[in-house]
Amino acid sequence: MTDNNEPRKVDLAEAMRQKLQQKKQQQAAANKPGFTGTQQTKAMKSQNTKKPNNQRRRTGGS
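Residues numbered from 1 in each chain as written. Predicted model: local features only at pLDDT ≥ 70, side-chain atom pairs only at ≥ 80, totals over all residues. Heavy atoms only, no water.

A word on the overall build of the protein
Condition: Runs of E in the DSSP output that reach at least two residues are strands. Runs of H or I that reach at least four are helices, and both are numbered from the N terminus. Burial classes follow relative accessibility: with a 1.4 Å probe on protein chains only, a residue under 20% of its type's maximum area counts as buried, one over 50% as exposed, and anything between as partly exposed. Surface accessibility in these figures is a Shrake-Rupley result with a 1.4 Å probe; residues are shielded only by whichever protein chains are displayed.
On a plain count of helices and strands, the protein comes out with two helices and zero strands. A buried classification covers 2% of the 62 residues belonging to the protein. Summed over its atoms, the accessible surface of the protein is roughly 7200 Å², and 49% of this surface lies on carbon and sulfur atoms.

Quick notes on the pattern of salt bridges
Pairs can form between side chains of opposite charge whenever their charged atoms are close. Here is the rule: A side-chain nitrogen of Lys or Arg and a carboxyl oxygen of Asp or Glu constitute a salt bridge if their distance falls within 4 Å.
Enumeration according to the criterion identifies one salt bridge in this entry. Measuring nitrogen to oxygen at the nearest pair gives 2.8 Å for the salt bridge that ties Glu14 to Arg17. With a gap of three residues between them, Glu14 and Arg17 both fall in helix H1 (residues 12-30), about one helical turn apart. Classification of Glu14 as partly exposed rests on a relative accessible area of 26%. Residue class for Arg17 comes out exposed when judged on its relative accessible area of 52%.

Put into structure tokens, the structure is as follows:
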């Protein structure tokens, strides 16, 4: 009566471990020599360095 075709139920912790393992494998494959794609994340810029929007002051907005 045990069908191997049905997907077995996995708990949340096991599912997260599987996802993390898949992610690590993808990153390892991306870091191999000869891979041309850039997987590096860009450093975020601080929003404090952005210029303020002066449109209200320029137009005399209400």
